[in-house]
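The lines below spell out each chain.
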Amino acid sequence: MSYLNIKQFWYVTITTYGRDLEPNVPYLLDVIEDFKTLSLRLGKYAVGWRFTPIIITPNYPKERHLKAFEYIASRDITYSIGCRTGSKLTVLISILCIT
């Protein structure tokens with residue numbers, strides 16, 4: 001699309017929920033690979049990823065979200081200039097982005 005000279009920015013939502021909460025979402029590794037492909041085609045300044053929604057339940061405690069975020073960030077960090085979160089965990093997750 002860059003040949004059309006259209007400025008664009010794509011957000012890709014990446015979560016690690018199971019089929020109990022998101023039955024139709026593709027598998028995590030497939031989403032990560034698709035994100036990398038999109039980034040390679042459009043450039044890392046044209047894509048970002050979101051770690052949302054963050055839902056705290058007994059099956060998905062805060063600690064699980066932090067580990068999941070670390071896992072995703074360790075695989076995507078060179079393909080994007082940043083990530084976005086959308087919950088009360090934003091401060092904790094932002095710290096992980098910086099460190």
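Coordinates for the structure precede this section.
Residues numbered from 1 in each chain as written. Predicted model: local features only at pLDDT ≥ 70, side-chain atom pairs only at ≥ 80, totals over all residues. Heavy atoms only, no water.

> Please give an account of the environment of Leu-38 that cites residues and values.
Position of Leu-38 among the secondary structure elements: in helix 1 (residues 28-42). For the pair Leu-38 and Trp-10, spaced 28 residues apart in the sequence, the C-alpha separation amounts to 8.9 Å. Once you skip the residues sitting within four places of it in the chain, Leu-38 turns out to touch Trp-10, Val-12, Gly-43 and Val-47. (Helix = DSSP H or I, 4+ residues; strand = E, 2+ residues; numbered from the N terminus. Contact = heavy atoms within 4.5 Å.)

> How would you summarise the environment of Leu-29 if you had to cite specific residues and measurements?
For Leu-29, the position within the fold is in helix 1. On the basis of relative accessibility, which here comes to 52%, the residue Leu-29 falls in the exposed class. A sequence separation of 43 residues divides Leu-29 from Ile-72, and the C-alpha atoms of the two residues are 9.2 Å apart. (Buried < 20%, exposed > 50% of the residue type's maximum accessible area, 1.4 Å probe, protein only.)

> Describe the packing of aromatic side chains, listing the residues and the values that go with them.
Taken as a whole, this structure holds 4 aromatic pairs when the rule is applied. Their ring planes at 75° and their centres at 5.0 Å tell us that Tyr-17 and Tyr-60 sit as a pair that is edge-to-face. Of the two residues, Tyr-17 is situated in the loop between strand 1 (10-13) and helix 1 and Tyr-60 in the loop between strand 2 (47-51) and helix 2 (62-76); the sequence distance between them amounts to 43 residues. What makes Tyr-60 buried here is its relative accessible area of 5%. Residues Trp-49 and Phe-69 carry aromatic rings whose centres are separated by 5.2 Å and whose planes lie at 35° to one another, so their mutual orientation is tilted. Taken together, the residues Trp-49 in strand 2 and Phe-69 in helix 2 connect sequence positions 20 residues apart. Note on accessibility: Trp-49 and Phe-69 belong to one class, buried. (Phe/Tyr/Trp six-rings, centres within 6.5 Å; stacked < 30°, edge-to-face > 60°.)

> Describe helix 1, naming the residues involved and giving the relevant values.
Along its 15 residues, helix 1 runs 21 Å from first to last C-alpha, staying within 8% of the 21 Å computed at 1.5 Å per residue. Of all the residues in helix 1, the buried ones are Val-31, Ile-32, Phe-35, Lys-36, Leu-38 and Ser-39. Taken down its axis, helix 1 places every buried residue within 165° of arc, on the same side. Exposed side of helix 1, more than 90 degrees from the buried face: Leu-29, Asp-34, Leu-40 and Arg-41 are the residues found there. At the C-terminal side of helix 1, Gly-43 shows a positive phi close to 100°. (Expected span 1.5 Å × (residues − 1). Arc of directions from axis to C-beta.)

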